[in-house]
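The primary structure of each chain is shown beneath.
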Amino acid sequence: MKSILITIAFVVVSQSLLFGQTDSTVIQSVPDIKEIRVGDKKVIFPQSPKGYSLVFKGSNREPIIDGSGNITIPLVATNVSLYFELISELSDSIKYDVSKQIMVPGKFSDGGVNPQPFVIPALREWHGGKGNFSLTATSRIVLNTANEKQLQSAARILKQELKDQVGINLSIAKGKPKKGDIFLTLNAKDKSIGEEGYYFNTDEYIAISAVNYQGLFWGTRTLLQLLEQKNVIPKGSARDYPEFKVRGFVLDVGRKFFSLQFLRDYVKFMSYYKLNDFQIHLNDNGFKKYFNDNWADTYSAFRLENTTYPGLTAKDGSYSKKEFIALQQLADDYAVRIVPEIDAPAHALAFTKVVPEIGSKAYGMDHLDLHNPLSYTVMENIFKEYISGSTPVFTGKAVHIGTDEYAKKDAEAFRAFTDHMIKHVESFGKEVRLWGALTHAKGTTPVKVKDVVMNTWYNGYANPVEMKKLGYKQISTPDGWLYIVPAAGYYYDYLNIKNLYNKWTPSMIGNVQFKPGDPTILGGSFAVWNDIVGNGITEKDVHDRVFPAIQVLSQKMWGGSNTTLKFDDFNALSKKIGEGPSLNISGKLSRNDGPFTVRFNFDQKDHQIKTRGAVYLEGYSKKALSFSGKDSYASLPYTEIGYDYTVSFWINPANNNLDGAVLFRSPNATVKLRQTGTGKLGFSREGYDIDFGYAVPENSWTHIVITGTNKGTSLYVNSKPEKRLYDNWVVFTDKDKTKMRKSETLFFPLQTVGGFKGKLDELQIWNRVLSDNEIRELK
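This is a predicted model, so every value here is computed, not measured.

Helix and strand counts for the chain come out as 14 helices and 44 strands. Here the chain has a C-alpha radius of gyration of 29 Å; the compact-globule value for 779 residues is 28 Å, and the two agree. Taking the principal axes of its C-alpha atoms as reference, the chain extends roughly 95 × 70 × 50 Å. Buried positions account for 60% of the 779 residues belonging to the chain. Taking the intrachain contacts of the chain between residues at least 6 apart in sequence as the baseline, contacts between residues at least 24 apart amount to 70%.

Next up on the list: the pattern of salt bridges. With the rule as written, the count across this model stands at 36 salt bridges. Among the ionic pairs, Arg741 bridges to Asp727, the shortest N-O distance being 2.8 Å. Pair noted here: Arg741 is in strand β41 (residues 739-741) and Asp727 is in the loop between β39 (720-725) and β40 (729-731), with a separation of 14 residues, a long-range link. Looking at Arg741, the relative accessible area reads 33%, which means it is partly exposed.

Another aspect to go through is helix α8 (residues 411-426). Taking 1.5 Å as the rise per residue, α8 with 16 residues should run 22 Å; its terminal C-alpha atoms sit 22 Å apart, in good agreement. Along α8, the residues classified as buried are Ala411, Ala413, Phe414, Arg415, Phe417, Thr418, Asp419, Met421, Ile422, His424 and Val425. The elements touched by buried residues of α8 are β15 (337-344), β17 (364-368), α7 (373-387), β18 (398-402) and β19 (431-435).

This paragraph deals with the sheet that holds strand β3 (residues 95-104). The strand order across the open sheet formed by 3 strands is β1-β2-β3, and the pairing between neighbours is antiparallel. Each edge of the sheet is formed by a strand with only one pairing partner; in this case those strands are β1 (52-59) and β3. For this sheet, the mean inter-axis angle between neighbouring strands, taken without regard to orientation, is 30 degrees. With 7 bridges connecting them, β1 and strand β2 (residues 78-88) associate as antiparallel partners. The partner of Val55 across the bridge, within β2, is Glu85.

So, about the side chain of Ser507. Note on placement: Ser507 falls in the loop between α11 (497-503) and β23 (508-509). Of the residues examined, Ser507 reaches a relative accessible area of 4% and is grouped as buried. When residues no more than four places from it in sequence are discounted, the contact partners of Ser507 are Phe244, Val512, Gln513, Phe514, Lys515, Pro516 and Ile521.

Here we take up the packing of helix α2 (residues 148-166) against helix α3 (residues 213-229). Orientation of α2 relative to α3, taken along the N-to-C sense of each, is 10 degrees, at an axis distance of 11 Å. One way to sum up the angle between α2 and α3 is to call them roughly parallel. Seen from α2, the contacting residues are Gln150, Leu151, Ser153, Ala154, Ile157, Leu158, Glu161, Leu162, Gln165 and Val166; seen from α3, they are Tyr213, Leu216, Phe217, Thr220, Arg221, Leu223, Leu224, Leu227 and Glu228. For the contact of α2 with α3, a count of residues per class yields 12 nonpolar, 4 polar and 3 charged.

Scanning all chains against the criterion turns up 49 aromatic pairs. Taken together, a centroid distance of 6.0 Å and an interplanar angle of 20 degrees make the contact between Phe249 and Phe278 stacked. Linking Phe249 in strand β11 (residues 246-252) with Phe278 in strand β12 (residues 277-281), this pair joins segments that are 29 residues apart in sequence. Through pairs of rings, three or more aromatic residues link up here, namely Phe249, Phe258, Phe262, Tyr266, Phe269, Tyr272, Tyr273, Phe278, Phe526 and Phe547. Here the guanidinium or amino end of Lys556 rests over the ring plane of Tyr501, the centre of that ring lying 5.8 Å away. Positioned above the aromatic ring of Tyr726 is the side chain of Arg724, whose terminal nitrogen or guanidinium carbon lies 4.0 Å from the ring centre.

Between its terminal C-alpha atoms helix α4 (residues 260-272) stretches 19 Å, which fits the 18 Å expected from 13 residues at 1.5 Å a residue. Three or more residues of α4 are buried, namely Leu260, Phe262, Leu263, Asp265, Tyr266, Val267, Phe269, Met270, Ser271 and Tyr272. Looking one or two places after α4, you find Lys274, whose phi comes out positive at around 60 degrees.

Here the amide bond leading from Ile120 into Pro121 is cis, since omega sits at 0 degrees, within 30 degrees of zero. Inspection of the secondary structure assignment puts Pro121 in the loop between β3 and β4 (125-134). That bond from Ala344 to Pro345 is cis: its omega, 15 degrees, falls within 30 degrees of zero. Tracing the sequence through the fold places Pro345 in the loop between β15 and α6 (349-354). The phi angle at Phe602 is positive, at roughly 60 degrees, despite the residue not being glycine. The topology assignment puts Phe602 in the loop between β26 (597-600) and β27 (610-612). Overall, Phe602 belongs to the buried group, its relative accessible area being 2%.

All right, on to the environment of Gly754 then. Position of Gly754 relative to the elements: it lies in strand β43 (residues 752-754). Gly754 sits in the buried class, given a relative accessible area of 3%. Along the sequence, Gly754 and Gly613 sit 141 residues apart, while their C-alpha atoms lie 9.6 Å from each other. Those residues in contact with Gly754 that lie beyond four places of it in its chain are Phe627, Ser632, Tyr633, Val662 and Leu663.

Now for the pairing of β17. Of all 5 residues making up β17, 4 are buried, and the element is well covered by its neighbours. Here strand β16 (residues 359-360) runs beside β17; their pairing, made up of 2 bridges, is antiparallel. Opposite Ser360, over in β17, you have Gly364 as the bridge partner. Following β16, the chain reverses through 3 residues before pairing antiparallel with β17.

Before going further, it helps to examine the side chain of Ser139. Residue position: Ser139 is located in the loop between β4 and β5 (140-143). A distance of 3.0 Å separates a polar atom in the side chain of Ser139 from the backbone nitrogen of Thr136. Non-local contacts of Ser139, meaning those with residues more than four positions away in its chain, are made with Leu170, Ser171, Gly180 and Asp181.

The rules behind each value
For every chain, the first residue of the written sequence is number 1, and numbering continues from 1 onward in sequence order. With the structure being a predicted model, the display of local features is reserved for residues of pLDDT at least 70 and the display and counting of side-chain atom pairs for 80 or more, all residues being used for whole-chain, interface and lining totals. As a convention, hydrogens and water are excluded, and side-chain values are obtained from all of the structure's heavy atoms. Put simply, DSSP H or I for four residues or longer makes a helix, DSSP E for two residues or longer makes a strand, and each gets a number counted from the N terminus. In this description the radius of gyration comes from C-alpha coordinates, and the expected globular size is given by 2.2 Å times residues to the power 0.38. Burial classes follow relative accessibility: with a 1.4 Å probe on protein chains only, a residue under 20% of its type's maximum area counts as buried, one over 50% as exposed, and anything between as partly exposed. Throughout, a contact is declared for two residues whenever any of their heavy atoms are within 4.5 Å. Think of a salt bridge as a Lys or Arg side-chain nitrogen and an Asp or Glu carboxyl oxygen that are within 4 Å of each other. A helix is expected to reach a length of 1.5 Å times the quantity of its residues less one. Two strands are said to pair when DSSP picks up at least two bridges between them. Think of each axis as a best-fit line through the C-alpha atoms, taken over the contacting stretch in the case of a helix, with angles from 0 to 180 degrees between the N-to-C directions. Any angle between 65 and 115 degrees counts as roughly perpendicular, while under 35 counts as roughly parallel, over 145 as roughly antiparallel, and the rest as oblique. Each residue gets one label: Ala, Val, Leu, Ile, Met, Phe, Trp, Tyr, Cys and Pro are nonpolar, Asp, Glu, Lys and Arg are charged, and the others, such as Gly, are polar. A pair of aromatic rings is counted whenever rings of Phe, Tyr or Trp (Trp by its six-membered ring) have centres within 6.5 Å, and the orientation is called stacked for planes under 30 degrees apart, edge-to-face for over 60 and tilted otherwise. When the NZ atom of lysine or the CZ atom of arginine is within 6 Å of a ring's centre and also within 35 degrees of its normal, the charge is said to sit over that ring. Pairing of N or O atoms within 3.5 Å defines a polar contact, subject to two protein rules: one partner must be a possible hydrogen donor and the other a possible acceptor, and residues neighboring in sequence count only if both atoms are side-chain atoms.

Written out as structure tokens, the structure reads:
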């Protein structure tokens, strides 16, 4: 990404900026489509105006009206947008976009009895039955015998998730379903629903039927979301399918490392919302001006194990080939496509640090020297390591080759490199994606178009109308709508989800609005770019930004402009749906953000608390937990608590605690009595060591309260505010002394308490931030 350091104003969409020509008199001369009646099998297309050919290209509901105009009856009457190109018979370069809407009558005359239940994304078609269905301990997951092998992964995953979510451990069987069962089958008679469509029928048993595994798996996500909200499911029938084939998320792991566990969790999280495309941006670098204006000091990273150039793999976080293959295998089971991205010839500092000869003297070491044949050789070797052989590291079909933001002055060399790398990667049987740059890099050197997919992100770099004319299929990734750069002060920190819900669909790229049903727009994707290296942003901070965006963009990428609920209603209902049955990335200690508070007084042994080397002794109030050092601690029944929270405790440290002595610990963070090197109360997470500037007195009782939000962390001592870690800044070494906001947030660790010498008593936890008055009243 996207080193354009500017504040992006929100894009105002002009309805007149359409593909091709926009002569309204010609478009208006196209007659409306003849009414479709019950029993019609095919759309009767309107006659072409004189001197033109009207060519049908597709619809926004292919499972109702397909690319040939064939009609499949929906459950209820449904409005469908048909997309045509009106082509001049004098010159095929003169084209007009034409959109026509038509109502297709349904199998049922109305929506039925039970209203359509809420899920994200919304069901495309629904007809309600009467009554509700309940799972019981005797229910089973039953597989159609004919599809048993293909369905094993989905059944295994569903079994575990139902156990996690509703506490029922269902058996898996094959054959015919009985009352109360969940029946899974790939023998859907309606083939028009496509690879991702499915039927969800609830009566005496639940039947999820599809043509392919992916559609079937989406049906199990619908089941789980329904059960998350209520313990009964309304009877009825759903016919569900996406409008867009690509529904994605791009994560920059090059400038900020994300753990393998985070990526695995995100596969499951995205799948829960039927997002199917996870692009992992594997290499990148910071901006030189923030690193003493010295390329050698500038941060860069490539996150994969590499044997061709062993020094290429980042030392501060990487994935082995085995781990990355396993991630893709997990994604396959969850119906998600992993799209690995290796970005060159710009954003290439990680490569030029290993092979300095390929760095550009004209444009900087983050650019490859495209006039040096060695640059080609190095990048060919890197890609080859991951895509060659019978068992490649990149197991999927799609591979992203980057090609973003190269110097405009060398457009011809850039175009030649892009064309070469497309063909190189395709020669190993892969399908190529790239970032849109061919408007920025205008030239005469040809760049392959056929079967190449473009992420169109900024219309000044790749005008989407021009790219369509060239023949590229596009994934709408517009920066002014869909880019998050955490705490950077430009682009979005949090997406404007209300505006997205009300105004955006993947058919909109920047200020260009394509017609619904245009098959050249494959879908959409939003992105998190971690431009500001070292600003303290954590995985948890990124997730806090992504979660609300996932919910809204799931709806917009699946259903397009079909948002029957007002945003405020959608937003309220969305709070009842979480990340998925096995996930708690947000660190919630109560369901749906309900009130939560817990108190451990440590007055007596508690079956919820497992001690190791810790004992109960006289405390601040009756008994307390007493610890004797780093191997003395107690395990609590929680892992951590995320934003917003308050944690209160009394502490009495002994003399001579070691540097780094721990109070609380979890896999994601540590709260320390003596932050390493400072002796002050503080915390550490993801390589950042932060302190409050306060030393806890020895051999006396002190009341400590720590509160945390997505903006920062606060310390109170003996009921009085001591330190707010909210508005501190990273100051860079560039000539302007640029300041970027520092993130000093904390997911409070709760897995263990102890690891120091001394006593701790009266631990209390709330899932909200107490007011100063409430904190003063704590005793």
